[in-house]
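Given next are the chains, with one letter for each unit.
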Amino acid sequence: MRVVQKGREQKGWSKEFTCTGKGNGDGGCGAVLLVSEGDLFRTSRCYYDGSSDHYTTFQCSECGVLTDIEGRGVPSTNRSYQQWKEENEK
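Residues numbered from 1 in each chain as written. Predicted model: local features only at pLDDT ≥ 70, side-chain atom pairs only at ≥ 80, totals over all residues. Heavy atoms only, no water.

This part is about the overall build of the chain. Check the secondary structure of the chain and you find one helix and five strands. Secondary structure of the chain in N-to-C order comes out as β-β-β-β-β-α. By the compact-globule yardstick of 12 Å for 90 residues, the chain is too spread out, its C-alpha radius of gyration being 15 Å. Seen along its three principal axes, the alpha-carbon backbone of the chain occupies a region of about 55 × 30 × 25 Å. When burial is assessed residue by residue, the chain has 27% of its 90 residues classed as buried. Taking the contacts inside the chain whose residues are at least 6 apart along the sequence as the reference set, 47% of them involve residues at least 24 apart. Split by element, the accessible area of the chain, about 6800 Å² in all, is 46% carbon and sulfur. Charge-centre separation for the chain: the mean point of 12 positive side chains lies 9 Å from the mean point of 13 negative side chains. (Helix = DSSP H or I, 4+ residues; strand = E, 2+ residues; numbered from the N terminus. Rg over C-alpha atoms; globule rule 2.2 N^0.38 Å. Buried < 20%, exposed > 50% of the residue type's maximum accessible area, 1.4 Å probe, protein only. Contact = heavy atoms within 4.5 Å. Areas by Shrake-Rupley, 256 points an atom, 1.4 Å probe, with all protein chains shown as cover. Lys, Arg positive; Asp, Glu negative; His and termini not counted. Charge placed at Lys NZ, Arg CZ, Asp CG, Glu CD.)

A few words now on the nonpolar core. Among the nonpolar cores identified, the biggest contains twelve residues, and these are Trp13, Phe17, Cys19, Ala31, Leu33, Val35, Leu40, Phe58, Cys60, Val65, Ile69 and Val74. Apart from residues lying up to four places away in sequence, Val65 is in contact with Cys19, Gly21, Asp26, Gly27, Gly28, Phe58, Gln59 and Cys60. (Core = buried A, V, L, I, M, F, W, Y, C linked by side-chain atoms within 4.5 Å.)

Time to look at the sheet that holds strand 4 (residues 52–59). Sheet architecture is open: three strands sit in the order 3-4-5, paired in antiparallel fashion. Only two strands of the sheet have a single neighbouring strand rather than two, namely strand 3 (41–46) and strand 5 (66–69). Averaged over neighbouring strand pairs, the angle between their axes works out to 50° when direction is ignored. Relative to strand 3, helix 1 (residues 81–88) is tilted by about 150°, and along the sheet it contacts strand 3, strand 4 and strand 5. (Pairing = 2+ DSSP bridges. Axes fitted to C-alpha atoms, helices over the stretch in contact; angles between N-to-C directions.)

Turning next to the pairing of strand 4. Sheet analysis places strand 3 next to strand 4, joined by six bridges and oriented antiparallel. Note that in strand 4 the partner of Phe41 across the bridge is Thr57. Adjacent in sequence and paired antiparallel, strand 3 and strand 4 are bridged by five residues, among which Gly50 carries a positive phi angle near 95°. Looking at chain direction, strand 4 and strand 5 are connected through four bridges and run antiparallel. Within strand 5, the position partnered with Thr57 by the bridge is Asp68. Where strand 4 hands over to strand 5, the hairpin turn is made up of six residues, of which Gly64 adopts a positive phi near 85°.

Attention now goes to the state of the cysteines. If you walk through the whole model with that rule in mind, you get zero disulfides. Cys19 takes part in no disulfide bond, and the closest cysteine sulfur to it belongs to Cys63, at a distance of 3.6 Å. Free cysteine: Cys60, not disulfide-bonded; nearest cysteine sulfur from Cys19 at 3.7 Å. (Disulfide = S-S within 2.5 Å.)

Given below as structure tokens:
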């Protein structure tokens with residue numbers, strides 16, 4: 001393989017996702033977003049039996065709705081929504 005023209009340097013992970021509101025009451029605006037690793041945070045749902053589920057989530061920059069994502073190649077994160085919010089308010 002030969003490089004014809006070099007691209008930009010890759011900094012972490014990024015992938016396109018649609019704002020759907022999945023896992024958060026739906027209601028997303030349908031915007032197609034390029035979501036990067038730094039846009040992700042962890043959310044969870046706790047049940048009465050003491051069990052819980054954890055999700056990788058992003059917040060839409062257009063409408064503010066949260067969308068849970070899953071699938072192959074989606075990096076997990078231990079950063080909470082509160083930590084993500086504090087980092088992005090700076």
